[in-house]
Amino acid sequence: MKRILKIVGIVIGVLILALIALPFGLDVNSFRPKLESELSSALGRKVTLGNLGLSIFSGSISAQDITIADDPAFSSNPFINAKSLKAGVELKPLIFSKEVRITDLTLDQPQVVLLRSANGTWNFSSIGGKSSAPSSPSGSNPNLSVAKLEITNGRVSLGDTATPGKLHTYDNLNVTVKNFSFTSRFPFTLSANLPGGGDMKLDGQAGPINPADAAATPLEAKINANKLDLDATGFVDPASGIAGIADVDATVSSDGSALSSSGTVKADRLKLTPKATPAPKPVQLKYAIQHDLKNQSGQITQGNVSVGRAAATLLGSYQMKGATTLLNMRLNGQGMPVDDLEAMLPAAGIILPSGSSLNGGTLSANLNISGASDKPVITGPIKLTDTKLAGFDLGSKLSAISKFTGAGKTGNDTSIQNLSTALRFAADGIETKDLNLTVPALGTLTGNGTVSPAGALDYKMNANLSGGAVSGLTQLAGLGGKGASLAFFVRGTTASPQFVPDVNGILQDQLKSRLGAAGLQGQGTKGSVIDAIGGLFHKKKK
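Values in this document were obtained by computation on a predicted structure and should not be read as measured data. (Residues numbered from 1 in each chain as written. Predicted model: local features only at pLDDT ≥ 70, side-chain atom pairs only at ≥ 80, totals over all residues. Heavy atoms only, no water.)

**Concerning the overall build of the protein**
Using the following cut-off: Put simply, DSSP H or I for four residues or longer makes a helix, DSSP E for two residues or longer makes a strand, and each gets a number counted from the N terminus. Only protein chains enter the calculation, and the probe is 1.4 Å; a residue is then buried if its accessible area is under 20% of its type maximum, exposed if over 50%, and partly exposed in between. Values of accessible area rely on a 1.4 Å probe in the Shrake-Rupley scheme; residue burial ignores everything except the protein chains shown.
Within the protein, the regular secondary structure consists of nine helices and 26 strands. For the protein, the residues scored as buried account for 42% of the 542 residues in total. Carbon and sulfur atoms provide 56% of the accessible area of the protein, an area that totals close to 27700 Å².

**A short note on the pattern of salt bridges**
Under the convention used in this document: In the sections that follow, a salt bridge refers to a side-chain nitrogen of Lys or Arg positioned within 4 Å of a carboxyl oxygen of Asp or Glu.
Taken as a whole and assessed by the stated rule, the structure comprises 12 salt bridges. E150 is the salt-bridge partner of K148, the closest N and O atoms lying 3.7 Å from each other. K148 sits in the partly exposed class, given a relative accessible area of 37%. You can call E150 partly exposed: its relative accessible area is 23%. When salt bridges that share partners are traced, they join K281, R309 and D340 into one network.

**A short note on the side chain of D340**
How we decide: Throughout, a residue-residue contact means that at least one pair of heavy atoms, one from each residue, lies within 4.5 Å.
Tracing the backbone through its elements, the reader meets D340 in helix α4 (residues 338-341). When neighbours within four sequence positions are excluded, D340 is seen to be in contact with K281, V307, G308, R309 and A310.

**Overview of the packing of aromatic side chains**
The geometry of an aromatic ring pair comes down to the distance between the two centres and the angle between the two planes. To keep things clear, this is the line we draw: Stacked, tilted and edge-to-face are the three classes applied to pairs of Phe, Tyr and Trp rings, where Trp contributes its six-membered ring and a pair requires centres within 6.5 Å; stacked means planes under 30 degrees apart, edge-to-face means over 60, and tilted covers the rest. Lysine and arginine charges are scored as sitting over a ring when NZ or CZ, respectively, is within 6 Å of the ring centre and within 35 degrees of the ring normal.
All told, the structure shown has four aromatic pairs when counted by the stated rule. Here the aromatic cluster, defined as three or more aromatic residues joined through ring pairs, consists of F180, F182 and F186. The aromatic ring of F79 is capped on one face by R45, whose charged end is 5.2 Å from the ring centroid. The residue whose ring lies beneath R491 is F489, and the NZ or CZ to ring-centre distance is 4.4 Å.

**Some remarks on the environment of T446**
Its place among the elements puts T446 in strand β23 (residues 443-451). Along the primary structure T446 and S420 are separated by 26 residues, whereas in three dimensions their C-alpha atoms are 9.7 Å apart. The residues contacting T446, other than those within four sequence positions of it, are L435, N436, K460, M461 and N462.

**Focus on the confidence of the model for the protein**
Keep this limit in mind: pLDDT is defined as a per-residue confidence score from the predictor, taking values between 0 and 100.
Counting all residues, the mean pLDDT for the protein is 80, and 75% of those residues have values of 70 or more. Contacts for the low-pLDDT stretch residues 472-482, under 50 throughout, to residues beyond four places or in other chains number 27 contacts. Long-range and interchain partners of residues 532-542, a stretch whose pLDDT sits below 50, account for 17 contacts in this model, where long-range means more than four residues apart.

**Let's talk about the nonpolar core**
Rules: Nonpolar cores were defined as sets of buried Ala, Val, Leu, Ile, Met, Phe, Trp, Tyr and Cys residues, with membership established by side-chain atoms within 4.5 Å.
Core analysis: the largest hydrophobic core is formed by 60 residues, its most contacted members being L49, I66, F79, L85, L105, V177 and M344. Leaving out residues up to four positions away in the same chain, L105 has contacts with L85, K86, A87, V146, K148, L149 and E150. Core analysis: the second largest hydrophobic core is formed by 37 residues, L314, L358, A365 and L486 among them.

**Focus on the pairing of strand β8 (residues 168-181)**
The following threshold applies: Paired strands, as defined in this entry, are two strands with at least two bridges between them according to DSSP.
Bridge count for strand β7 (residues 145-160) against β8 is 10 bridges, and the pairing is antiparallel. Within β8, the residue paired with V156 across the bridge is Y170. In this structure, β8 lies alongside strand β9 (residues 186-193), joined through five bridges in antiparallel fashion. Counterpart to N174 in the pairing with β9 is S191. Linkage of β8 to β9, two consecutive antiparallel strands, is achieved through a turn of four residues.

**Some remarks on the environment of K266**
Turning to its location among the elements, K266 is positioned in strand β13 (residues 258-271). Judged by relative accessible area, K266 falls into the partly exposed class, the value being 38%. Sequence separation between K266 and N226 is 40 residues; the distance between their C-alpha atoms is 9.8 Å. With residues up to four places along the chain from it excluded, the contact list for K266 reads I245, A246, D247, P282, V283 and Q284.

**Section: the pairing of strand β14 (residues 283-292)**
Sheet topology note: the β13/β14 ladder contains 10 bridges and is antiparallel. Bridging across to β14, A258 finds its partner in D292. Examined bridge by bridge, β14 and strand β15 (residues 297-307) share nine bridges and lie antiparallel to one another. Bridging from a neighbouring strand, Y287 pairs with G303 of β15. Connecting the antiparallel pair β14 and β15 is a turn made up of four residues, with Q296 showing a positive phi of about 55°.

**Observations concerning unusual backbone geometry**
That bond from G207 to P208 is cis: its omega, -5°, falls within 30 degrees of zero. As for its placement among the helices and strands, P208 is situated in the loop between β10 (199-206) and β11 (219-229). Phi angles above zero are rare outside glycine, and D65 is one such case at about 50°. In this structure, Q109 takes a positive phi of about 55° despite not being glycine. Inspection of the secondary structure puts Q109 in the loop between β5 (102-108) and β6 (111-116).

Take a look at the structure:
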């Protein structure tokens, strides 16, 4: 018995020594052409491997300096460069028949460049499609399965063919896929650091791989992103001026032709125009969209926007045309508390007079949003009710024309009973038509005007004064204290508005009123007209 055990021990020892010596006697680089061929066939891209190594005890083959070619329609540079690739293999067929059967793949420190063309096609769309190998039939998926596929410590650069040098980089990319196959569904997890800080994670299932377009592969996933920089990530056109830091909690589902997504986006420090100031309050959007992958168009079926207690709905459609996205949407909000919205004014590029703020009241708006996303045109009515412009004395600011009106102070604040206008907000500035402003201490101010992109004001206004605001003018014009009309301009900037009398307008208005009071309006009697004009300035005809 001892003799038998001794023989068995010697045999086992010899086998162990043989296994230890095997890597030194087996040239694993002889498998490189076959491995390159199988990977190239599987991906439909030329794959180049560096030096190969073999570990018998772990049952794996490793390769250094891996390169996967890009779609030549996009770039002649590599699609993927990786430091190393480790492939788990079945040892028995490898040793005895030199057949490579892959059980798992780990790609370490890959650098991936994802490019999108003007028609919306991605450079990874053709992966797994038509193979470079003659034996692979066109339009069919290769018969390849891997129990576990991993990408560790990767880097992805995202861009488009129009500006290939402007890339957005995602670091520390890690991907785990189990039971991968081109022809079946497989679970996956993905995590990465985001440009500008923050991180994201996807958990879901994908597959089978679409043999004609990998980008059209069915997918279901849950997305969580923290501190996503809207500008740095490239998700928003930088020319639009939209920026901010967002947290995203959403789901996405695609059958390869239609994609749906819903979730919640909470944005801090939001900006809506290039020269805007970040909003100090967070904005929350609960959304649902339906997107047509082929036509690159979609519908927003739910868009609940809220800032504190202020709530509005955003609905409509969009059409992606290369680097441009065309919008056709409507934003509707009724009775929104001004105290919650006031912080959003700088984010929209709207500047109040220096040292002032809006307090109390409500804002209602029904706005159309159309045109390109980087230069949208916003039009529609807005109405402001029962609010106060704190820190701004409108009566005092009218001092330049007080010699005509006798208008006094409205106090440290200006109470606004009503403000309504037809708004047009675009890249070339703001235009307001049919502006109607009711200030109880003064009367009603009406007119039209514009605000340039730099904030310069150009308004022609008319004040229908009432109460104490007409005392000086009634004395001047002799109107009996029943009210007065005053024409003036608003110049300067939104931060420092200047009120300038429209002398011609004032004289015309008061002449018209005086002639009417004298019963001469529409008459051409020279002497009567002179008397009327003299009466305006308390002068008698000589």
